[in-house]
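One letter stands for each residue in the lines below.
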Protein chains: 2
Amino acid sequence: MIAVTRDEPDKKIAQGALGSRPLYAQVRDLLIARISSGAWQPGDLIPNEFAIARELGVSQGTIRKALDSLAADNLLMRKQGRGTYVARHTPADMLFRFFNFFDAKGERIEPGSRDVQLSQGRASTPERQRLELGAAAKVIRISRLRTRAGEAFILETIVLPETFFPGLAQASRIPNTLYDHFQKAYGITVARGQERLTVALADVHLADRLGVVPGTPLMKLDRVMYGLQQQPVEWRVSLCRTDSAAYVVELR
Amino acid sequence: MIAVTRDEPDKKIAQGALGSRPLYAQVRDLLIARISSGAWQPGDLIPNEFAIARELGVSQGTIRKALDSLAADNLLMRKQGRGTYVARHTPADMLFRFFNFFDAKGERIEPGSRDVQLSQGRASTPERQRLELGAAAKVIRISRLRTRAGEAFILETIVLPETFFPGLAQASRIPNTLYDHFQKAYGITVARGQERLTVALADVHLADRLGVVPGTPLMKLDRVMYGLQQQPVEWRVSLCRTDSAAYVVELR
DNA sequence: GAGTGGTCTAGACCACCCT
DNA sequence: GGGTGGTCTAGACCACTCT
């Protein structure tokens, strides 16, 4: 049995302070910072509950509440008898967590991308509204064609606040899995968002890019994604073919 | 302060038994039974944590874990300083919890319904697959036109296993808010489900029913809903206009 | 002020996994 | 056998709500 002799309180967390956020929420933020800073890498086994509790000067139950909440959000993976691991964002199903297209067999589609184009400029009025930016703000624009088994599938337009992604506009290559890249290269974790789905008809230009006949009905996704501090980090509009693919929603 | 004198253990839950499910999960099931049996009605204030703990002979922390899990599933609503309530399916935003269409202002659309038609018969092959029914099973079919501000909006086809809804096919009137009716009249709580979204073009017949020109692109929703015991209780196909309405998804 | 849920702590035992 | 997370208990204090 471990004699829980607390040598020193180490880095104490704001405790008992009036109006402060709950301890477990502060622990959660601190652990999120360790993950997004790269101190804890995806796949790493992190210290056990008692070790973290001792280090932070709080009880094991509080650590557990934070860990459970992170596991529920898919940032950690817990295995009884083994330990707690930082979730790999590399396995396909995690990389495409916010990608809701499935094929007829119920398998998640894992798109590729090509024809990537980058540009930069002052934010337009709708861009400023969606991304909650000031009047003079600059944005980076990415357009690309997403593919499925090599075939055109989705035409995407992505808008990013320039302040969060310095230098991205000059990048020579943009990875397929953008949110993973945001986290690794800019320390920005895309945590949640909202997507509005409507339908549209392919005009001549769209039809050409997507390899369909003009007049084909398409699904249009309009999404804004937010970071861990609830700041808008991306506005994305996607025009999708839905022949032999469906957008799947879990209702709870 | 309450003197926690435990008079009698009352109805003890299987405790310590080898291989038994966790206590909090058993408490959860028991509370679900109280809700779905109608012993606790939607809107009711349920006893506080200590009272339930005393009644069941377990600790308050265990009750809390069960209550928190039910609240996370939207079966209960907890309010600090007030108490724990059985979730109402009656307020508009609860009644239409699984209805994800929003208008341009971001308000949830609350549809009406008309032209309701009822029929009954042997389940077809796709119906048996979706609803996990045996070869000779019967189903009830409902079709209706859902309206928005009086105008045609969605054409719906609903299929229900006859065993769960005895006599429904002979009903003289079908309420607009079906899931609420299922709960009140048949004790079936629709708890979760899955919806597959694709796009389709309105043919002449559809266009006529929905008041659009033939060739208009529509959104097609194909959903299966499940009850508290994970049994399929409904298959529903909806064809929706999306002019000035969008299907909104929260990404987490 | 009384009652409620929300947070935090401390300690116990169990089931599972490794070596 | 030793370490891990999973469950359960018991008790304390806080924040919120109602009257």
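Each chain has its residues counted from 1, running along the sequence as written. Chains and ligands are labelled sequentially in the order written, the chains with letters from A and the ligands with numbers from 1. Reporting of local features is limited, given that this is a predicted model, to residues whose pLDDT is at least 70; pairs of side-chain atoms are given and counted only at 80 or more, and all residues count toward the totals for whole chains, interfaces and linings. Excluded from the side-chain calculation are hydrogens and water; included are all heavy atoms of the structure.

(A) View of unusual backbone geometry. Unlike most non-glycine residues, Ser244 of chain A shows phi in positive territory, near 60°. Structurally, Ser244 of chain A can be placed in the loop between strand S10 (232-240) and strand S11 (246-251). Each helix is a run of DSSP H or I of at least 4 residues and each strand a run of E of at least 2, with the numbering of both proceeding from the N terminus.

(B) Region of interest: the relation of the copies chain B and chain A. The copies were overlaid with a least-squares fit restricted to C-alpha atoms from residues scoring a pLDDT of at least 70 in each copy. Once turned by 180° and shifted 0.2 Å along the axis, chain B lies on chain A with an RMSD of 0.7 Å. Within this description, the copies of the chain are treated as partners about a two-fold rotation axis. Of every C-alpha in chain B, the one belonging to Pro217 of chain B sits nearest the axis of rotation, 2.7 Å from it. Here a residue-residue contact requires only that any non-hydrogen atoms of the pair lie within 4.5 Å. When the interface residues of chain B are mapped onto chain A, 97% of them are again interface residues, pointing to one common binding face.

(C) Fine view of the domain arrangement of chain A. All names here are of chain A. Where each domain begins and ends follows an automated or database-derived domain assignment. Split into domains, chain A comes out as domain 1 (8-86) and domain 2 (91-247). Using only C-alpha atoms to locate each centre, domain 1 and domain 2 end up separated by 32 Å. Taken together, the contact between domain 1 and domain 2 spans four residues of the former and six residues of the latter. What counts as buried area is the accessible surface, traced by a 1.4 Å probe, that two parts surrender upon association, with contributions from both included. When the two sides are added together, the surface that domain 1 and domain 2 hide from each other amounts to roughly 450 Å², 65% of it contributed by carbon and sulfur.

(D) Examining the protein's contact with DNA strand C more closely. For this description, a residue counts as near a given molecule or strand if any of its non-hydrogen atoms is within 4 Å of it. Around DNA strand C there are 21 residues in total, and Leu23, Thr62 and Gln80 of chain A together with Asn48 and Arg64 of chain B lie nearest to it. The term polar contact refers here to a pair of N or O atoms within 3.5 Å; inside protein, the definition further demands a hydrogen-donor-capable atom paired with an acceptor-capable atom, and it admits residues adjacent in sequence only when both atoms are side-chain atoms. Here a phosphate oxygen of DNA strand C sits 3.2 Å away from a polar atom, N or O, in the side chain of Lys65 of chain A. Within the side chain of Arg82 of chain A, a nitrogen or oxygen atom sits 3.5 Å from a phosphate oxygen of DNA strand C. Elements with a contribution of two residues or more to the surface near DNA strand C: helix H1 (23-37) and helix H3 (60-72) of chain A together with strand S2 (76-79) and strand S3 (83-86) of chain B. Amino acids are sorted into nonpolar (Ala, Val, Leu, Ile, Met, Phe, Trp, Tyr, Cys and Pro), charged (Asp, Glu, Lys and Arg) and polar (every other residue, Gly among them). Looking at side-chain class alone, the surface near DNA strand C contains four nonpolar, ten polar and seven charged residues.

(E) Focus on the protein's contact with DNA strand D. Around DNA strand D there are 21 residues in total, and Asn48 and Arg64 of chain A together with Leu23, Thr62 and Gln80 of chain B lie nearest to it. The sugar-phosphate portion of DNA strand D accounts for 73% of its atoms within 4 Å of the protein, the bases making up the rest. Glu49 of chain A is positioned with one of its backbone polar atoms (N or O) 3.3 Å from a phosphate oxygen of DNA strand D. One of the side-chain nitrogen or oxygen atoms of Gln80 of chain A is found 3.3 Å away from a base nitrogen of DNA strand D. For the surface near DNA strand D, the secondary structure elements donating two or more residues are strand S2 (76-79) and strand S3 (83-86) of chain A together with helix H1 (23-37) and helix H3 (60-72) of chain B. When the residues that make up the surface near DNA strand D are grouped by side-chain class, the tally is four nonpolar, ten polar and seven charged.

(F) Expanded view of the interface of chain B and chain A. In this complex, chain B contributes 32 residues to the contact, which on the side of chain A involves 31 residues. Of the roughly 2,700 Å² buried at the junction of chain B and chain A (both faces included), carbon and sulfur atoms supply 60%. When residues of chain B are sorted by the area they lose upon contact with chain A, Arg196, Val199 and Leu251 of chain B head the list and together hold 26% of the total. The rule for a salt bridge is simple: a side-chain nitrogen of Lys or Arg has to be within 4 Å of a carboxyl oxygen of Asp or Glu. There are zero salt bridges connecting chain B and chain A. Contributions of two or more residues to the side of chain B that touches chain A are made by strand S8 (190-201), strand S9 (217-227) and strand S11 (246-251) of chain B. Broken down by element, the side of chain B that touches chain A gets its largest block of residues, ten residues, from S8 of chain B. The residue makeup of the side of chain B that touches chain A, split by class, is 17 nonpolar, seven polar and eight charged. The rule for pairing is simple: two strands pair if DSSP sees at least two bridges between them. Bridge count between strand S8 (residues 190-201) of chain A and S11 of chain B: five bridges; the pairing is antiparallel. Bridge pairing links Gln194 of chain A to Glu250 of chain B in S11 of chain B.

(G) A look at the nonpolar core. Formed by 62 residues in total, the largest nonpolar core has its most connected members in Phe101 and Tyr247 of chain A together with Phe101 and Tyr247 of chain B. Not counting residues within four places of it along the chain, the set of residues in contact with Tyr247 of chain A comprises Asn100, Phe101, Glu195, Leu197, Met219 and Leu221 of chain A together with Glu195, Arg196, Leu197, Val249 and Leu251 of chain B. Ile52, Ile63, Leu75 and Ala191 of chain B belong to the second largest nonpolar core, which has 19 residues in total. Only buried residues count toward a nonpolar core, which is a set of Ala, Val, Leu, Ile, Met, Phe, Trp, Tyr and Cys residues joined through side-chain atoms within 4.5 Å. Type-normalised accessible area, obtained with a 1.4 Å probe on protein chains alone, sets the label of each residue: buried when under 20%, exposed when over 50%, and partly exposed for intermediate values.

(H) Examining the packing of helix H2 (residues 49-56) of chain B against H3 of chain B more closely. All names here are of chain B. Lines fitted to C-alpha atoms define the axes, with helix axes restricted to the stretch in contact, and inter-axis angles between N-to-C directions lie between 0 and 180 degrees. For the pair H2 and H3, the least separation of the axes is 8 Å and the interaxial angle reads 110°. Relative to H3, H2 is oriented roughly perpendicular. Relative to H3, the crossing made by H2 is right-handed. Mapping the contact onto sequence places Glu49, Phe50, Ile52, Ala53 and Leu56 in H2 and Gln60, Ile63, Arg64 and Leu67 in H3. For the contact of H2 with H3, a count of residues per class yields six nonpolar, one polar and two charged. Roughly parallel refers to an angle under 35 degrees, roughly antiparallel to one over 145, roughly perpendicular to one between 65 and 115, and oblique to any angle outside these ranges. Helix crossings fall into two classes, left-handed where the near helix is turned counterclockwise from the far one by less than a right angle and right-handed where it is turned clockwise.

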